[in-house]
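# Fold and contact review
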Amino acid sequence: GGGSGGAASSASSARVGGGFAGGSVPSRTASGGGGAGNEEQSESGTGRGEPATHYASIISELFQGHVVSTVRCLECRRTSRTKEPIYDVSVQIPSSNELAGGPGPELQRESSGRGPSWTGMLGNVTGKVKSWFYDKGVEVTDCLRKFCAPEYLIGKDKYECEHCKRKTDGERRLAFMDLPEVLCIHIKRFRYDANWFNATKSSRVVTFPVNKLLDMASFLEEPPLYPVEYRLIGLIQHIGSMGGGHYISYCQHKKKPQEWYEFDDLQVSLVSPEQVERAEPYVLFYQRVPSKANRLDRQTFKNDCRRTEAQIRQHLLSIPPSPCAASQAGMEEVRYHAPALRSFYRNPPADLDIAFVSKRWYVRLTTMSHPGPIDNYEYLCPHRLLGCSSAEMASEPFMPISHALFQCLVQKYGGGPVVRALAICPKCQMYLRAYNDRKQAEYDLVSKYDTKDTGDGEGWYLVDAVWVNKWKRYVRSEHVSDIQDMCAPGPVSNQRLCDKTGAIRSNLKLRIDYIGVNARVWWMFMHVHGGGPAICRKSLDLYSEGHPLETELKLEELQFAGATADFARRTSH
């Protein structure tokens, strides 16, 4: 078998093993570039005409913002503007000279790039000695101001201007384009300098008032239309030096903002805001303060939800009780919960005039400063119904509100569509059954015919390992009960093993880039998934002599004639 194994028992099989080959991670675009015009805009990680890649997750929803990096050539005066995503902001602690309006370290550097001048070094030493006696520290806003301050690209850090076609002096500025829900500020306290005691930690005081809001309006690229304020909700403190230390965190109580808690390994203790302010911050976490309109929307939503639930309860209680009801209390429990409520959601009476929104959107409304558009569309099938297999699954992601409130929310936040009933799609139910039946039949056929050799044939059929990994995830997955959970691998794709001319690419390896199956399994793949092209060899070596396709070994169970015709039709791609 040459290190090949069975496809059905492929966990230990070389033929269906193999790592994921190919794929890349979008990289951040460096500032600069310039262009023929006076200003060129570029999106980080994307080219012109290409759709931007977006990864939606709880992390991106909470922590992702964007900064704009603008680089200006000081000779031709042309600028390059680049938008980049950020998940945290790493800020330096400004020196006393910078706070006093003096030249920063960028301007103290000689244009030849030889390093600091003697004047600059003596100034730094003098500043350090003064700070031992007079320095009262800096505010976190001073660190943000330094982050957005102009940086001069001179000496060895000159800017490569595409318009000038050479390295020139430049000026770079950073500004926030949009801010995240949770602003994570990392203070650069650790520094490695080969010319000055190697590694050091700055323990300079950085103040961060606990009970004062952080106004970010002055750090935005354009003046905001609404207040952009943040409140401190937590921080991480590092105690120690470069050689070793200990981390302690402080977190604010969600429902009791006046209470703060210190987390020191397993020990949790209540502390005062004044004790928190005395901490030496390393990472600060700020949450955006919701507007008055947003807080009003939250209360309006909760009140409306209570009224709607009361109307639903009253309607269910008005239904005549069953003769077999054990007690009135027991009947109320049955009426308002489980099957009765789910049955009500499938076809609510028109006179109640209700609509549904996702619980996920409700959580965003009640916890974030801006919840974004209503996301009902994410739960609907192509037929604009619910593509799941049970009423319990259909009702779980939603909560009822009045239709009037839903219309107001759509006008303000966008999104949709309106969902008036949690009806299950019959077409998707049939599709789910067919999908699960086909997946099980495919697994059974591979288990029956897969071998560690060429089986009934003489040739090896080589398949892209990337596609095989997708097939393994598909065939091993649990019973699927929602169309959004389907993960069919799609057609067999061997194009990655070939170059543009159709010839086999060089240096491809067994298990890593491709695996081998026998003729029976290959024709099963072709019948169920389609694709190709077929690559048949006399051995598992992709570069060995070719072998003719063995069409006579197609599975008898998948013939479109006789008793197997119906099964073949239901499993065919």
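Because the structure is a prediction, the values reported are computed rather than measured.

## Some details on the overall build of the protein chain
A tally of regular secondary structure across the protein chain gives 16 helices and 26 strands. Once local pairs closer than 6 in sequence are excluded, the contacts in the protein chain between residues at least 24 apart make up 71%. Summing over all exposed atoms, the protein chain offers an accessible surface of approximately 31900 Å²; the carbon and sulfur share of this is 53%.

## Quick word on the environment of Trp 361
Within the secondary structure, Trp 361 is located in helix H10 (residues 359-367). The class for Trp 361 is buried, based on a relative accessible area of 0%. In this structure Trp 361 touches Phe 301, Pro 371, Gly 372, Pro 373, Ile 374, Asp 375, Leu 409 and Tyr 413, once residues within four positions along its chain are discounted. Polar side-chain contacts of Trp 361 include one of 2.8 Å to the backbone oxygen of Gly 372.

## Examining the environment of Leu 153
Here Leu 153 shows up in strand S6 (residues 151-153). Judged by relative accessible area, Leu 153 falls into the buried class, the value being 7%. For the pair Leu 153 and Asp 169, spaced 16 residues apart in sequence, the C-alpha separation works out to 5.6 Å. The contact partners of Leu 153, leaving out residues within four places of it in the chain, are Val 71, Lys 158, Tyr 159, Thr 168, Asp 169, Gly 170 and Arg 172.

## Quick notes on the confidence of the model for the protein chain
A residue-level look at the protein chain finds 80% of positions with pLDDT of 70 or above and a mean pLDDT of 81. For the stretch residues 1-54, pLDDT sits under 50, and the model shows 129 contacts to residues farther than four places along the chain or on other chains. Throughout residues 103-124 the model reports pLDDT below 50, and contacts reaching past four residues in sequence, or to other chains, amount to 23 contacts.

## Re a nonpolar patch on the surface
The grouping of Ile 58, Ile 59 and Tyr 87 at the surface amounts to a nonpolar patch, some 300 Å² of accessible area in total. Mapped onto the elements of the fold, Ile 59 is located in helix H1 (residues 58-63).

## Some words on the sheet that holds strand S26 (residues 536-537)
Taken in spatial order, the 3 strands make up an open sheet running S24-S22-S26, and their pairing is antiparallel. With one partner strand each, in any of the chains shown, strand S24 (514-517) and S26 form the two edges of the open sheet. Bridging between strand S22 (residues 460-464) and S26 involves 2 bridges; their strand directions are antiparallel. If you follow Trp 460 over to S26, its bridge partner there is Arg 537. Most of the contacts of helix H14 (residues 465-476) go to S22, to which it runs at about 80°, and overall it touches S22 and S24.

## As for the packing of helix H7 (residues 292-317) against H10
Relative to each other, H7 and H10 sit at 135°, their axes nearing to 9 Å. As judged from the angle between their axes, H7 and H10 are oblique. Judged by residue contacts, Asn 294, Asp 297, Arg 298, Phe 301 and Lys 302 of H7 engage Trp 361, Tyr 362, Leu 365, Thr 366 and Thr 367 from H10. Looking at side-chain class alone, the contact of H7 with H10 contains 4 nonpolar, 3 polar and 3 charged residues.

## Notes on the packing of H7 against helix H12 (residues 403-413)
A pair of packed helices is captured by two measures, namely the crossing angle of their axes and the spacing between those axes. In contact at an axis separation of 11 Å, H7 and H12 are set at 155° when each is read in the N-to-C sense. Taken together, the axes of H7 and H12 lie roughly antiparallel to each other. Helix-helix and strand crossings are classified by hand; for H7 and H12 the assignment is left-handed. Residue-level inspection shows Ala 293, Asn 294, Asp 297, Thr 300, Phe 301 and Asp 304 of H7 in contact with H12, the latter providing Leu 405, Leu 409, Lys 412 and Tyr 413.

## Some points on the nonpolar core
Counting 35 residues, the largest nonpolar core has Phe 176, Ile 185, Phe 208, Leu 214, Met 216, Leu 284 and Tyr 286 as its most contacted members. Elements with a minimum of two residues in this core: strand S4 (89-91), helix H5 (140-148), strand S10 (182-187), strand S15 (229-241), strand S16 (244-252) and strand S19 (281-288). Broken down by element, the residue count for this core peaks at 5 residues, all from H5. Counting 32 residues, the second-largest nonpolar core is a separate cluster that includes Val 463, Tyr 474, Ile 483 and Phe 525.

## Some remarks on H7
Across its 26 residues, H7 extends 38 Å between first and last C-alpha, which sits within 8% of the 38 Å expected from 1.5 Å per residue. Residues Asn 294, Asp 297, Arg 298, Phe 301, Asp 304, Cys 305, Thr 308, Ile 312 and Leu 316 constitute the buried set of H7.

## Brief notes about a positive patch on the surface
Side chains of Lys 254, Lys 255, Lys 302 and Arg 306 sit close together on the surface and give a patch of like positive charge. The topology assignment puts Arg 306 in helix H7.

## Examining H12
Taken residue by residue, H12 has His 403, Leu 405, Phe 406, Leu 409 and Tyr 413 as its buried positions. Looking straight down H12, one finds its buried side chains confined to an arc of 155°; they lie on one side. Residues of H12 that are buried in the fold lie against H7, strand S20 (354-358), H10 and strand S21 (398-402). Directly beyond the C-terminal end of H12, a positive phi value near 80° is found at Gly 414.

## As for the pairing of S22
Taken across its 5 residues, S22 has 5 buried, putting it largely inside the fold. The alternating pattern of S22 places Trp 460, Leu 462 and Asp 464 and Tyr 461 and Val 463 on opposite faces, both of which are buried. Here S22 runs beside S24; their pairing, made up of 4 bridges, is antiparallel. Within the sheet, the bridge partner assigned to Leu 462 lies in S24 and is Gly 516.

Rules used throughout
Residue numbers restart at each chain and count upward from 1, following the sequence in its written direction. pLDDT decides what is reported in this predicted model: residues at 70 or higher carry local features, side-chain atom pairs at 80 or more are listed and counted, and totals for whole chains, interfaces and linings draw on all residues regardless. Calculation of side-chain values draws on the structure's entire complement of heavy atoms; hydrogens and water are dropped beforehand. To qualify as a helix, a DSSP run of H or I must reach at least 4 residues; to qualify as a strand, a run of E must reach at least 2; elements of each kind are numbered from the N terminus. Contacts between residues were defined by any pair of non-hydrogen atoms, one from each residue, lying within 4.5 Å. Computed with the Shrake-Rupley method and a 1.4 Å probe, the accessible areas treat only the protein chains shown as cover for residues. Buried means the residue's accessible area, taken with a 1.4 Å probe over protein chains only, is under 20% of the maximum for its type, while exposed means over 50%, and partly exposed covers the values in between. We call two N or O atoms a polar contact when they sit within 3.5 Å, provided that within protein one can donate a hydrogen and the other can accept it, with sequence-adjacent residues counted only if both atoms are side-chain atoms. Every residue gets a pLDDT, meaning the predictor's confidence in that residue, from 0 to 100. Patch construction takes residues with relative accessible area above 30% that form no salt bridge. Like charges are linked within 9 Å, and nonpolar side chains (Val, Leu, Ile, Met, Phe, Trp, Tyr) are linked within 5 Å. Counted as salt bridges are all cases of a side-chain nitrogen of Lys or Arg within 4 Å of a carboxyl oxygen of Asp or Glu. Paired strands, as defined in this entry, are two strands with at least two bridges between them according to DSSP. Between the N-to-C directions of two axes lies an angle of 0 to 180 degrees, each axis being a line fitted to C-alpha atoms and, for a helix, fitted only over the stretch in contact. For classification purposes, an angle smaller than 35 degrees is called roughly parallel, one larger than 145 roughly antiparallel, one from 65 to 115 roughly perpendicular, and anything else oblique. Here the nonpolar group is Ala, Val, Leu, Ile, Met, Phe, Trp, Tyr, Cys and Pro; Asp, Glu, Lys and Arg are the charged ones; every other residue, Gly included, is treated as polar. When the near helix sits turned anticlockwise from the far one by under a right angle, the crossing is termed left-handed; a clockwise turn instead gives a right-handed crossing. Take the buried Ala, Val, Leu, Ile, Met, Phe, Trp, Tyr and Cys residues and link them wherever side-chain atoms come within 4.5 Å; each set so joined is a nonpolar core. Any helix carries an expected span of 1.5 Å times its number of residues minus one. Only four residue types enter the tally: Lys and Arg on the positive side, Asp and Glu on the negative side; His and the chain ends are excluded. Charge positions are represented by NZ for Lys, CZ for Arg, CG for Asp and CD for Glu. The arc in question is traced by the directions running from the helix axis to the C-beta atoms.

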